[in-house]
Amino acid sequence: MQLEERVRADTPGVGSGLVFLDSAGSSLPPQVVTDTVIGHLRREAEIGGYRAANERLADLAEVKTAIGALINAAPTSIALSDSATRAWADFFYSVPLGPGDRVLISGADYASNAIAAVQRARATGATVEQIPSDGSGQIDLDALARMVDERVKLVSVLHVPTNGGLVNPAAEATRIAHSVGALVLLDACQSGGQLPIDVAELDVDALSVTGRKWLRGPRGTGFLYVRPELAESMEPQRLDLHSAEWTGPDDYRLAPDARRFEFWESDIAGRLGLGAAVRYLLDLGPEAVYAAIAARAEYLRKGLAEIAGVTVRDLGLRRGGIVSFTVDGTGSAEVRDRLAEQNITLTVSWASSTLLDMTSRKLESVLRASPHAFVSFDELDRFLAAVAAL
Ligand SMILES: Cc1ncc(COP(=O)(O)O)c(C=O)c1O
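Every residue gets a number counted from 1 within its own chain, in the order that chain's sequence is written. Selection of residues for local features in this predicted model requires a pLDDT of at least 70, selection of side-chain atom pairs for listing and counting requires 80 or more, and totals for whole chains, interfaces and linings are taken over all residues.

J.: Please clarify how unusual backbone geometry should be interpreted in this entry.
T.: Peptide bonds are trans in most cases, and residues, glycine excluded, mostly fall at negative phi. For Asp203, which is not glycine, the phi torsion reads 65° and is therefore positive. Secondary structure elements follow DSSP: runs of H or I of four or more residues count as helices, runs of E of two or more count as strands, with numbering from the N terminus. Relative to the helices and strands, Asp203 resides in the loop between α9 (199-202) and β7 (206-210). For Asp203, a count of 16 C-beta atoms within 10 Å translates into the label partly exposed. Positioned with a positive phi, Lys362 is a non-glycine residue whose angle comes to about 55°. By secondary structure assignment, the location of Lys362 is in the loop between α14 (355-360) and β15 (365-369). On the basis of neighbour count, Lys362 is assigned to the exposed category, with 7 C-beta atoms found within 10 Å. To assign burial, the other C-beta atoms lying within 10 Å of each residue's own C-beta are counted, with C-beta atoms placed from the backbone; 20 or more indicates buried, 12 or fewer indicates exposed, and intermediate counts indicate partly exposed.

Structure follows, in structure tokens:
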């Protein structure tokens, strides 16, 4: 069976006339994810949460194995989380900073990352500086190479921004950061599940991903990858009896691996659902899925560029599955709402989410269409015709 056919058959949300272009927001899960989550919730209702979890210990361990297979990491270097932001912050706040230290953030960095960086800089006396973007809109690698020195302790590299198709050269940026000993925290929230990710190739020190977007997992899930040497040596900012063991009145021992970045309590059904989503993607093949996503996004860019009054806003040399655009004379929220009336789902990305980038481009908002592999080309045509008819 062709990929599209199979994915559509596995996705209950498609085929009812909905044109779904919001996998960068919160995607439509495959049936197996919904069944896994609901099945576990039913079991919890039957026998209680603890026994239900105990029945699934092997499957729960398997969640990290599947994630490890997806990003080429050991399961022990994965901490399960409840969002990309939580995962990112769990690592970021644990990096020691002091007066004079420097934190570099990407031009298209996400608001939550930037807010955390500013808060931490205020508390520690460190500074936060923006890595300039080059003419294409991606991280300016030459400028980064000129900026770094041994006071740079952490570089926040944004893989794929929330507001456009750009894919940043993460491996190259990481090499530059490492040349001065800085840590690299990669925001892979929009790339995880979209692009094939290999942490050994990227060589990043940590990476955060959310479950509900391109991975098509449940809401309230995500994960953090931490390089093994750091997972064994870093002290997380906050601990509990799962991330550490209470060994005496004044002492504790940290969990030996990335588990030290987890708390005990969690949404077991959500985690099992995340595992099902990752296994489903592995079974389809991440390369094939990315090729399908990128082909759809390119089709949309070309189609949108041909519509009078529409401007495609995507930056970068390499482009992924997010298509950003504006419509002359019509506000983004109005376009979104008028398309919603025709059962077409896409979202608006506001300047406040990517303040540095949007301010530099004098944009208040962009429309964001993000087609996953389950969207048919007929549906893309329906969307393009609806935009043209505005
Ligand atoms: C680039 C990027 N980073 C981080 C996040 C935050 O993800 P979450 O809402 O799962 O914390 C988003 C969400 O849209 C995002 O687009």
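J.: For this particular structure, what's the right way to read the nonpolar core?
T.: Most often, soluble globular proteins have nonpolar side chains that are buried together. Nonpolar cores are built from buried Ala, Val, Leu, Ile, Met, Phe, Trp, Tyr and Cys residues. These are joined into a set through C-beta atoms within 7 Å. Core analysis: the largest hydrophobic core is formed by 107 residues, its most contacted members being Leu224 and Tyr225. At nine residues, helix α11 (residues 268-284) tops the list of elements feeding residues into this core. Composition of this core by domain shows at least three residues from each of domain 1 (3-28 + 286-389) and domain 2 (33-283). Sequence-distant contacts of Tyr225, defined by excluding residues within four places in its chain, comprise Ile71, Ala73, Ser77, Ile78, Val199, Ala206 and Leu207. For every domain, the bounds stem from an assignment made automatically or drawn from a database. Contacts are defined on C-beta atoms placed from the backbone: any two residues whose C-beta positions lie within 7 Å are in contact.

J.: What is the right way to read the sheet that holds strand β14 (residues 347-350) from this model?
T.: Strand-to-strand pairing in sheets goes through backbone hydrogen bonds, with the strands running parallel or antiparallel. Between any two strands, at least two bridges found by DSSP are needed for them to pair. Reading across the sheet, the four strands line up as β11-β12-β15-β14 and stay open at both edges, with antiparallel pairing between neighbours. Of all strands in the sheet, those with a lone pairing partner are β11 (310-312) and β14, marking the two edges. When strand polarity is set aside, the average angle formed by the axes of neighbouring strands in this sheet is 40°. Judged from the three bridges that link them, strand β12 (residues 323-327) and β15 form a sheet pairing that is antiparallel. Each residue of the ladder has a partner; that of Phe325, found in β15, is Leu367. Helix α12 (residues 286-305) rests against β11, β12 and β15 of the sheet, and its axis sits at about 15° to β12. Interaxial angles span 0 to 180 degrees and are taken between N-to-C directions of axes, which are lines fitted to C-alpha atoms, for helices over the stretch in contact.

J.: Would you explain the packing of helix α2 (residues 31-47) against α11 in this entry?
T.: Relative orientation and spacing of two packed helices are given, respectively, by the angle between their axes and the distance between those axes. Running from N to C, α2 and α11 point in directions that differ by 155°, and their axes come no closer than 8 Å. When the axes of α2 and α11 are compared, the pair comes out roughly antiparallel. In terms of crossing hand, the pair formed by α2 and α11 is right-handed. Of α11, the residues touching α2 (which contributes Val32, Val33, Thr36, Val37, His40 and Leu41) are Ile268, Ala269, Gly270, Leu272, Gly273, Ala276, Ala277 and Tyr280. Put simply, angles under 35 degrees are roughly parallel, angles over 145 are roughly antiparallel, angles from 65 to 115 are roughly perpendicular, and the rest are oblique. Each crossing gets its hand from how the near helix is turned against the far one by less than a right angle, where anticlockwise is left-handed and clockwise is right-handed.

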